[in-house]
Amino acid sequence: MKIFVIGSGGREHALTWKLAQSPKIKKIYCAPGNPGMAEIAECVDIPADKLELLRDFALKQQLDITVIGPDDCLAAGIVDVFQQAGLKVFGPTQKAARIESSKSYAKRLMAGAGIPTAQYAEFEDHQRAVEYLDTQKFPLVIKADGLALGKGVVICHSPEQAVQALRSMMVDASFGQAGRKVIIEEFLQGPEVSIHAFCDGHTARLFPSAQDHKAAYDGDQGPNTGGMGTYAPVPWVSAEMIGNIQTSIVDPIIKALADDGNPFTGCLYPGLIYTQEGFKVLEFNARFGDPETQSYMRLLKTDLLEIIEACIDGRLPELDINWSSDSACCIVAASGGYPGSYQKGFTVSGIDEAQDDPEVIVFQAGTKRENGKIVTSGGRVLGLTAAAKTLKESLDKGYSALSKIHFNDMHFRKDIGRKGLP
Ligand code: AMP
Ligand code: GLY
């Protein structure tokens, strides 16, 4: 089979790496891809937002299945564009992807299905939103309804901060259309857990649990990033908890989406928080997490292509999905200054040396090839993954291998996975 992977981050490198192990796959194309993906697939220079060009390429090359990485392609309706052309594609339709691209849609479905989440109100009128603040306790959380490059959530500790956030989103339109509508919700406290599930429209099969590290600096300090590292599984998330998450959160949302006429096919990624009242949903994502996927692909034993085909064909219940009982981690090496401004174009060395350990795999993200060398070209430059019998061993292997990688201003967190250790 010939497979197409859309995207160019560490997530897409990890998916491509796993797909490349499938005996059924003859060739993988990636658009636009990155230098790491280019070692195992053919990269084609089509940006991920050029949906029609991507479709035309898939038609011309007679590609069998397309796997979508980024949220904005899904929100723009790439799955619909491919399906209308008779192409098989792994991901939710534009309407089903609203579970991520419209927080108010997600909240409404959750309320209807009785899924635990923060209390909330939604507003399209700026004045009403400001007035509502008088009735609320602080801290509270203000969220732009639409996709805002991960920056559309503001935790407000004072009314002044909340007024400013509302003005920025609703009046100044800092996030464009995405902030025209806002959600104001209760502030929840507890550890966060990433859950992922393969979905075929009606059935969901959960991955092991994972934990991301969103803040830029150690100890969860500093601004939020796309994610500075992950590990899986999370030792304190028991099989019983996973069972509860399946029955009280994932199954009901899959049913609610299907009942609403938008069955969800693809990877569903609920972001959860473990409060004193149990797990509650912070958000739903309609795609694989980045960098969760990098850890996950190190643990998945079943052929990813088999799973993707079963999802697309609606026969997930027939399939056994097996995960290694090992632990995996992903430590992100970022450009100094990320998520703020940073310089690019620095030579990256040591990727091959880091991979001398067979249990270490480096997934590239913000890199490009220039004059035969790998240079930095983005905020999150690469994710170094390691797998081992225990979380401690995987972290030791990961950090030891990371010490071989160098580029100017390289920044990484030194405490990935620490919360999972005894
Ligand atoms: P989201 O994009 O909705 O997951 O929000 C991004 C981050 O904001 C989450 O990972 C949490 O750390 C934080 N967050 C979102 N909603 C809440 C909430 N209701 N209470 C506390 N923190 C929240
Ligand atoms: N791990 C954060 C995200 O993918 O949104």
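Per chain, residue numbering runs from 1 following the sequence as it is written. Labels follow written order: the first chain is A, the first ligand is 1, and so on. With the structure being a predicted model, the display of local features is reserved for residues of pLDDT at least 70 and the display and counting of side-chain atom pairs for 80 or more, all residues being used for whole-chain, interface and lining totals. No hydrogens and no water enter the side-chain calculation; it runs on all heavy atoms of the structure.

Quick notes on the pattern of salt bridges
A pairing counts as a salt bridge when a side-chain nitrogen of Lys or Arg comes within 4 Å of a carboxyl oxygen of Asp or Glu. Tallying each qualifying case throughout the model produces 25 salt bridges. Between glutamate 185 and lysine 143 there is a salt bridge, with its nearest N and O atoms 3.0 Å apart. Pair noted here: glutamate 185 is in strand β9 (residues 182-186) and lysine 143 is in strand β7 (residues 140-144), with a separation of 42 residues, a long-range link. Per residue, the accessibility class of glutamate 185 equals that of lysine 143, and both read buried. Residue lysine 389 is joined to aspartate 326 by a salt bridge in which the shortest nitrogen-to-oxygen separation is 3.0 Å. Remark: aspartate 326 occurs in the loop between α12 (304-312) and β19 (327-335) and lysine 389 occurs in the loop between β23 (380-388) and α14 (391-402); sequence separation between them is 63 residues. Three or more residues are tied together by salt bridges with common partners; here these are Asp220, Arg413, Asp415 and Lys419. Secondary structure is summarised from DSSP: a helix means a run of H or I of at least four residues, a strand means a run of E of at least two, and numbering begins at the N terminus for each. When accessible area is computed with a 1.4 Å probe and restricted to protein chains, residues below 20% of their type maximum are described as buried, those above 50% as exposed, and intermediate ones as partly exposed.

Details of helix α1 (residues 10-19)
Counting buried positions along α1 yields nine of 10 residues, so the element is predominantly enclosed. All buried positions along α1 are accounted for by Gly10, Arg11, Glu12, His13, Ala14, Leu15, Thr16, Lys18 and Leu19.

Quick look at the sheet that holds strand β3 (residues 42-43)
Strands sit in the order β3-β2-β1-β4-β5 across an open sheet of five strands; the sheet is parallel. Looking at which strands have only one partner, the edges of the open sheet turn out to be β3 and β5 (88-90). Both strand β1 (residues 2-7) and strand β2 (residues 27-32) contribute to a ladder of six bridges, which runs parallel. Within β2, the residue paired with isoleucine 6 across the bridge is alanine 31. What makes two residues a contact is simply this: any of their non-hydrogen atoms within 4.5 Å. In this description, a line fitted to the C-alpha atoms serves as the axis of each element, helices being fitted only across the stretch in contact, and the angle between N-to-C directions of two axes falls anywhere from 0 to 180 degrees. Of the strands in this sheet, β1, β2 and β4 (65-68) are in contact with α1, which crosses β1 at around 165°. Seen against the sheet, helix α3 (residues 51-60) touches β1, β2 and β4 and runs at an angle of roughly 170° to β1. Any two strands between which DSSP finds at least two bridges are classified as paired.

A word on the site of ligand 1
Whether a residue is near a molecule or strand is decided by its heavy atoms; if any one of them lies within 4 Å of it, the residue is near. Taken together, 13 residues surround ligand 1, and among them Glu185, Glu186, Leu188, Glu192 and Glu283 come closest. Pairing of N or O atoms within 3.5 Å defines a polar contact, subject to two protein rules: one partner must be a possible hydrogen donor and the other a possible acceptor, and residues neighboring in sequence count only if both atoms are side-chain atoms. Glutamate 186 places a polar main-chain atom, nitrogen or oxygen, 2.9 Å from a nitrogen atom of ligand 1. Between glutamate 192 and ligand 1, the recorded distance is 2.4 Å, taken from a side-chain N or O atom to an oxygen atom. Secondary-structure elements contributing two or more residues to the shell around ligand 1 are β7, β8 (153-156), β9 and β18 (278-285).

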